[in-house]
Structure formats: C-alpha cells, structure tokens
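Structure at a glance
Residues per chain are reported as follows:
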Amino acid sequence: MNIKSPFVLKQIIEHRQLFTQLVAYIEEHDGDVEIPSRLYRFIVRQAIQTEAIQGNDRERERIRYTLSEDNLLRERLIIRKDPARGTLVLAPFVVDMLRHFDIGRMRGLSQAELEDLRDGLNQSLAAFQDMPIDLENDDFTDELRLLRRRIQDTLGKMQESIAALEAQGDHLADQVEKQDVGSLEGAAETRRALEKINRIYQRYILPALEFLDPKTSFKKGVPAITAIRRIAKLAGESDHPALNEEMQLSANAIQSYVKDIDSLRLSLERYVRQDRHQREQYDAIERAFNTIRLATEERHDDSFRNLYIPVRHAAIQSPGTFLGIKRMRFARLDWHEIDHRADIEEFTDRRIEELRTRLDKAGSVTVDPARARRSEAELQEQMRQHQIQALLEKWMIPDDCQDLHASLHEYLGGHLENYTLNDLLEGLDWVMALPDFKFHARFQHLEIAHGELALSYHPLIPREAPTQEITA
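Below or above, wherever it landed, is the structure these notes cover. (Residues numbered from 1 in each chain as written. Predicted model: local features only at pLDDT ≥ 70, side-chain atom pairs only at ≥ 80, totals over all residues. Heavy atoms only, no water.)

What follows covers the overall build of the protein chain. Assigned secondary structure in the protein chain consists of 18 helices and 7 strands. In the protein chain, the proportion of contacts linking residues at least 24 apart, taken out of those at least 6 apart, comes to 63%. By element, 51% of the accessible surface of the protein chain is carried by carbon and sulfur atoms, the whole surface being about 30700 Å². (Helix = DSSP H or I, 4+ residues; strand = E, 2+ residues; numbered from the N terminus. Contact = heavy atoms within 4.5 Å. Areas by Shrake-Rupley, 256 points an atom, 1.4 Å probe, with all protein chains shown as cover.)

This next bit is on the environment of R230. Mapped onto the fold, R230 is located in helix α10 (residues 224-237). Take R230: its relative accessible area is 31%, and that puts it in the partly exposed class. Along the primary structure R230 and M247 are separated by 17 residues, whereas in three dimensions their C-alpha atoms are 9.0 Å apart. (Buried < 20%, exposed > 50% of the residue type's maximum accessible area, 1.4 Å probe, protein only.)

Another point: the nonpolar core. In this structure, L147, I205 and M247 are the most contacted members of the largest nonpolar core, which totals 48 residues. Of all the secondary-structure elements, those providing two or more residues to this core are α7 (111-130), α8 (138-178), α9 (184-212), α10, α11 (241-255) and α12 (257-299). At 12 residues, the largest contribution of residues to this core is made by α9. Membership of the second largest hydrophobic core comes to 27 residues, among which are L18, I43, I63 and A91. (Core = buried A, V, L, I, M, F, W, Y, C linked by side-chain atoms within 4.5 Å.)

This part takes up the pattern of salt bridges. As enumerated under the stated definition, the model contains 15 salt bridges in all. Note that E61 is salt-bridged to R64, the shortest N-O span being 3.5 Å. Residue E61 and its partner R64 are both found in helix α4 (residues 57-66); the two are separated by 3 residues, about one turn of the helix. Take R64: its relative accessible area is 41%, and that puts it in the partly exposed class. (Salt bridge = Lys/Arg side-chain N within 4 Å of Asp/Glu carboxyl O.)

The subject of this paragraph is a negative patch on the surface. A grouping of E166, D170, D174 and D260 is seen on the molecular surface, where their side chains present a negatively charged patch. Looking at the negative patch element by element, the count peaks at 3 residues for α8. Along the chain, the position of D170 falls in helix α8. (Patch = residues over 30% accessible without salt bridge, like charges linked within 9 Å, V, L, I, M, F, W, Y side chains within 5 Å. Lys, Arg positive; Asp, Glu negative; His and termini not counted. Charge placed at Lys NZ, Arg CZ, Asp CG, Glu CD.)

We now examine the sheet that holds strand β1 (residues 35-36). Two pairing modes exist for strands in a sheet, parallel and antiparallel, and in both the strands are linked by backbone hydrogen bonds. With respect to topology, 3 strands assemble into an open sheet ordered β1-β3-β2, the strand pairing being antiparallel. The sheet terminates laterally at β1 and β2 (78-82), the two strands that pair on one side only. Pairing geometry for β2 and strand β3 (residues 87-90), over 4 bridges, is antiparallel. Note on β3: the bridge partner recorded for D82 is T87. (Pairing = 2+ DSSP bridges.)

Moving on to unusual backbone geometry. Its identity as a non-glycine residue notwithstanding, R76 has a phi of 60°, on the positive side. Relative to the helices and strands, R76 resides in the loop between α5 (69-74) and β2. Phi angles above zero are rare outside glycine, and D239 is one such case at about 65°. Checked against the element boundaries, D239 lands in the loop between α10 and α11. When its relative accessible area of 64% is taken as the criterion, D239 is described as exposed.

With that settled, the discussion passes to the pairing of strand β5 (residues 446-450). Relative to strand β6 (residues 453-457), β5 runs antiparallel, the two being bridged by 5 bridges. Its bridge partner lying in β6, E447 is registered against S456. Here β5 folds back onto β6, and the loop between the two strands holds 2 residues, one of which, G451, carries a positive phi near 65°.

In the structure shown here, the tally under the stated rule is 3 aromatic pairs. Note on F19 and Y40: the rings are 6.2 Å apart at their centroids and 55° apart in plane angle, and the pair reads as tilted. A residue pair is termed long-range when its members are at least 10 positions apart, and F19 in helix α2 (residues 16-28) and Y40 in helix α3 (residues 37-53) qualify at 21 residues. The pair formed by F19 and Y40 is uniform in burial state, with each residue classed as buried. (Phe/Tyr/Trp six-rings, centres within 6.5 Å; stacked < 30°, edge-to-face > 60°.)

We now examine helix α17 (residues 421-432). Since the α-helix advances by 3.6 residues per turn, residues separated by three or four positions end up pointing in the same direction. Given a rise of 1.5 Å per residue, 12 residues ought to cover 16 Å, and the 16 Å separating the end C-alpha atoms of α17 matches this to within 8%. Taken together, the buried positions of α17 are occupied by L421, D423, L424, G427, L428 and V431. The buried residues of α17 all sit within an arc of 145° when viewed along its axis, so they share a single face. Along α17, exposed side chains directed more than 90 degrees from the buried face belong to N422 and D429. (Expected span 1.5 Å × (residues − 1). Arc of directions from axis to C-beta.)

In short, the description is geometric, and any link to function would need to be established separately.
Right under this line is the structure:
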C-alpha cells in the first residue's frame, strides 16, 4: 500500500512529541547522522500503542501502514536505508520540521556553517560581477534564483539559531541561579551549566557577531552583508532599481539580527566571566592544597611527632589565603534580637559629643592613625587622577588606531611612573567621556598583561559609517 507524503507528514506532526526523540539522537551525535532503524521502529510502536490505549483500532492500523519504512522510502521522506547496518537517513526537511517543533533541540550556527553561508553569497557576488545583469538571460536568472535561495537560507537559519540560543541560554541561566552552591552536587551542576554557557558563547555567539559585522576582514572574500550590498550596487548601476531595492532590504534584514545576537551576548557574558573566575579560583585552591600536601609529606615520619605544620611554615604563609591562621575556640554568639541600628546611632551621637568636649578642653582632637592613612590614600588617588588627565590632555589618538586599549597602555606605560592597569582603566574613563569620542567595541576577546595582573577586554576601534557599501 502506497500512502502519499502529505498523510505521512500529518501523522508525524500529530505524534511529534514522540518523533522529536530522533532529533535528540541526532543532536547527541552532533550532526545530521544516520538513525538506527530500531529507534525509528520503537517510536512507531509507541505511536501505535498510544492509539491502542485509546481504543482507536482503525487509526492504529493506519499508523502501521503510513509510517512504515518502505512507505517513507517510496515517498522520499527516507533518502537512504541500509538493512545490513540497520540504519536509515531521514530527508533533511523532515529533521528541520521536527527541530522546529522542539526549539530546545535546535542549535546555533557554528563557525563552519556560517562560513558556508558566507562562501555561497561570495560565489553569487563573483557570478554577478562576471556576467551582465539581464533578466532575459537564462544564465543570469539561474544565478539570481540561487542567490535568493541563499539569502532565504541565511535568514531562516539565523532566525532558528537565535531562537535556539535564547532557549538554551535561558535554561542554563536558570540552572545556575537555582542551584544550591553550598552543596557539592549543586556546585558540580553549576560548574557544568557554566561550562555549557561558555561553550555556547565561544562557539555560537562570537562567530555570529563576526558574521554579521560588515567590518570583519577575511582572508578570502568579504562579509555576507557586504556581498549582498555590492550585488545591490551592481543592480543599481545596471538600471534595475527593483532588484537593487530587493537586495538592500535583504541585507538590512540579515544585519538586523545583530541586535538579537548582541542582546544574547550581554545576557551570557556575566556567566562567562563567572566561569572564568571560578576556574581561576579552583586553580588557586588546588595550588594551595598541593603546597600544603607536599609540606605534610615532607614532615610525616609515621609517628605522632610533627603532627602539625607550624603557622610560620612557607606552605601556610605563601598563598596568603591562610595568612594569620591559628588554633582558637569560637564561642557562639547570641544576639537576643538586639536593634543594631539603634545601637550604632546611639554610639555615633555619644562619640560626637565626646569629640566636641575634648576639642573644647584641649583645642585639638587626636587624629586616628587609621583614618589618617585612609585620607592620605584618598589624596594620593586624587593626585594620580590629575596626573593621568594632564598626560591625556597632551595625547592625540593615533589615526591608524585599531585598539584603543593597547595604544593607551603603551602611552601611559612610557610616561607614568609606577604604572598599573588601574591607571589604564582610569585613563579609558577619561577618554571615553570626551564629546568627540567615536569608537565602538569589536566582538573579539584580547588581553593585556602587566605586572601580576591581566586585563581581558573587547578592543575599541574607530566607528566608520559604511556609506560606500549602502549607496545604490
């Protein structure tokens, strides 16, 4: 019995909660791979059992014939079947349909997939540059049809990628926020969720931003949006205003996704920094533990002598984490629901009155050394800020500046005594507050190391309007 594909797809859609297991299997193996025939048959049996429980015998038999592997093979919904290996391959549009029903199973566009989309649009640009734009020419209409298909493919995949990344990012962020990091199990779950967020950020978010940025430079070809705009320019020069407008609108539609991707980047970046900071903390703890373990092994002599490591031992003093540690007993405090705010206000009023009385008697007040040191540190900080501002008033941003952080780091490092990365941050705040500041961040991670510290940042580059690519 041969049942046409519309009826087959209808049955799959009605039981989509079962057939999304196929997408789950594909995603677990990271690609459009072959599906075991036994898995497909198991899902069909589940659909048949569902109808049998409801007493729909007629519908049960219809599913048995409709979703049989031979029928799907005849209707080209299965493109290959290997009985010897027990595998089958579903038509790509069927897998895409199932992914559409289960947004959590969708995945973002990887670097390779984005590169494939960009290469296709660059091939169309090369074809349009080599032939005259003539809507009566069959070769040109074939290339135009291929270009439109590539643009639609790019728009569709970008939309699915953003929806998938939003769903996965929200799910992982909820996992991080709701876990109890006080327990070992909760801390392990949080660490796994943060690692997944970092993987999404590095593998999907940053490549998508580079793909959508018309200023990204590639070794071969131009950015996808630039290729479409150049095709639009060729159409305008050949007196085809309708085609020019169509290409311009397509380029704008693709570039509009940069707002959604950038919003995702901002929402996930906090967790990415948390993951990096957490790894650094784990490394520091592991180094401290290994130092103490080594010191213990050196002092251990299979007896009860030398049971404790001295407080002055290098293993305790060097990390700084255990600095000042000593054995002591702590008594449990019982606050008895004391109103601490009232106590503080009472102490403050009494203290002010005592200082006024002392000033009246002695004519002066004894200065607290701790407060004096703090005031002196604040004065030194203000003087440092004025020194940085004076240097920057004489500094001109280089015309070829492609990394404002690096240029300012080099300038301050050569003119400021005892320069630190904190001075760089202070200088950046001053420069970015200028009214003629026209820089924007590139979607790229760089690092400046100075002394014992390192600064991770997005490089700032001059903002330039791409007027030459937009004009018709």
